[in-house]
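The residues making up each chain are set out below.
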Amino acid sequence: MSHGEGGKGVSPRLAGMRELEAEVRTCQLCRLARTRTNAVPGEGYVRADVMFIGEGPGYHEDRQGRPFVGQSGEFLNELLEIAGLSRERVYIANVVKCRPPNNRDPNPDEIAACAPYLERQIALINPHVIVTLGRYSMAKFFPGERISQIHGQSRMVDGCLCVAMYHPAAGLHQASLADVIRDDFRKLPGYLEQTKGTTPPPVAVVEQRVKAAEEARESVIHEPETSAVVERAETYTVAPPVEAAVSPYNMLDEGVTASPEPAEAKSQPDAVRKRKKKAVSEYKQMSFFDL
Ligand code: URA
Ligand code: SF4
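Residues numbered from 1 in each chain as written. Chains lettered and ligands numbered in written order. Predicted model: local features only at pLDDT ≥ 70, side-chain atom pairs only at ≥ 80, totals over all residues. Heavy atoms only, no water.

### Digging into unusual backbone geometry
Now for step 1: Backbone geometry places asparagine 103, a non-glycine residue, at a positive phi of 55°.
Now for step 2: With respect to the helices, strands and loops of the structure, asparagine 103 is situated in the loop between strand E3 (91-94) and helix H5 (108-125).
Now for step 3: With relative accessibility at 46%, the residue asparagine 103 sits in the partly exposed group.
Now for step 4: Phi at asparagine 126 takes a positive value of approximately 45°, unusual for a residue other than glycine.
Now for step 5: Tracing the sequence through the fold places asparagine 126 in the loop between H5 and strand E4 (129-133). (Helix = DSSP H or I, 4+ residues; strand = E, 2+ residues; numbered from the N terminus. Buried < 20%, exposed > 50% of the residue type's maximum accessible area, 1.4 Å probe, protein only.)

Given below as structure tokens:
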């Protein structure tokens, strides 16, 4: 295997994650690109056993280009500690990588436009356990369920143990929930133990999810009704403020340290760009939008 584009001595997994981060930081595939300060690709240990998926960046995340750095992040750090984990040992991502204005809910077409990034992150990390934080990530793995019914519970989805948790912000807004959330996080070591010695989901399954998300994205960004595209990535020329957004964690990959690559716009092959719109109706029926 080549060492990829991430620099000398960088594993393919870390190189893949850096490439994805660069794409996200210059992404123009939905209207959230217009209002963001920094895109927030995610951060953490690329070989993590457990991956956390939040909803989308808030004010502080948008300013810093890093996930969960505001008040919710502080509570998340406490919850990680309760579970015997730390930011250095987990990976944290969001359903949408750019902050919706005034923290409004992300729209279905924005979620669909952004979904391939999340699926690629899941494929790269291939974690044993995925923890959903809040409605939008829960809807992806537990369609049709209610958080009040299933919080703290797990389910196998495509070979990965998924655990539904309340969003940390819920505990900040409603004090009575904070202890419920703490109790749910106390169950995490048990879930991790349960997956010890098991193999993570097969690559084929994971790749299938990426492909499905990419097809759904195409159907959205070429759909005149939704027309999520602001401007194609390859036409983006102004460098985004990546400096503020370098994560202290993404260097962690088997002890490899290297300086981050500059963000680069990625061009898409014509075939992909011009792929026929399809699955629009499928996309509209996708259960994770039925919230
Ligand atoms: N809330 C989220 O869902 N994600 C973040 O990154 C921060 C707050
Ligand atoms: Fe940001 Fe995702 Fe929209 Fe791209 S698709 S602009 S990364 S929210």
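### So, the site of ligand 2
Now for step 1: Surveying the vicinity of ligand 2 reveals the residues Cys27, Leu29, Cys30, Leu32, Ala33, Arg36, Lys97, Cys98, Ala113, Cys114 and Tyr117.
Now for step 2: For the shell around ligand 2, the element with the highest residue contribution is H5, accounting for three residues. (Near = heavy atom within 4 Å.)

### Some words on the packing of H5 against helix H11 (residues 203-221)
Now for step 1: Where H5 meets H11, the closest approach of the two axes is 8 Å, and the angle between their N-to-C directions is 160°. Considering their axes alone, H5 and H11 lie roughly antiparallel with respect to each other. Pair H5 / H11 crosses with left-handed handedness. Only Val206, Arg209, Val210, Ala213, Glu214, Arg217, Val220 and Ile221 of H11 make contact with H5, whose side of the interface consists of Asp109, Ala112, Ala113, Ala115, Pro116, Tyr117, Glu119, Arg120 and Ala123. (Axes fitted to C-alpha atoms, helices over the stretch in contact; angles between N-to-C directions. Parallel < 35°, antiparallel > 145°, perpendicular 65-115°, else oblique. Left-handed = near helix turned anticlockwise from the far one by under 90°. Contact = heavy atoms within 4.5 Å.)

### A closer look at the site of ligand 1
Now for step 1: With respect to spatial proximity, the complete set of residues near ligand 1 consists of Gly54, Glu55, Gly56, Glu61, Pro67, Phe68, Asn94 and His167.
Now for step 2: A distance of 3.0 Å separates a nitrogen atom of ligand 1 from a polar backbone atom of glycine 56.
Now for step 3: Between ligand 1 and the protein, one listed contact pairs a nitrogen atom with a side-chain N or O atom of asparagine 94 at 2.8 Å.
Now for step 4: Protein contacts shield 92% of the accessible area of ligand 1, which totals 240 Å² for the unbound molecule.
Now for step 5: Of the residues in the shell around ligand 1, the class split is two nonpolar, four polar and two charged. (Polar contact = N/O pair within 3.5 Å; in protein donor to acceptor, adjacent residues only side chain to side chain. Areas by Shrake-Rupley, 256 points an atom, 1.4 Å probe, with all protein chains shown as cover. Nonpolar A, V, L, I, M, F, W, Y, C, P; charged D, E, K, R; others polar.)

### Some details on the packing of helix H1 (residues 12-26) against H5
Now for step 1: At a closest axis distance of 10 Å, the pairing of H1 and H5 adopts a crossing angle of 165°. In terms of orientation, H1 lies roughly antiparallel with respect to H5. Pair H1 / H5 crosses with left-handed handedness. Residues Arg13, Gly16, Met17, Leu20, Glu23 and Val24 of H1 touch H5, and the partners they reach there are Tyr117, Arg120, Gln121, Leu124 and Ile125.
Now for step 2: Class assignment of the residues belonging to the contact of H1 with H5 gives a composition of six nonpolar, two polar and three charged.

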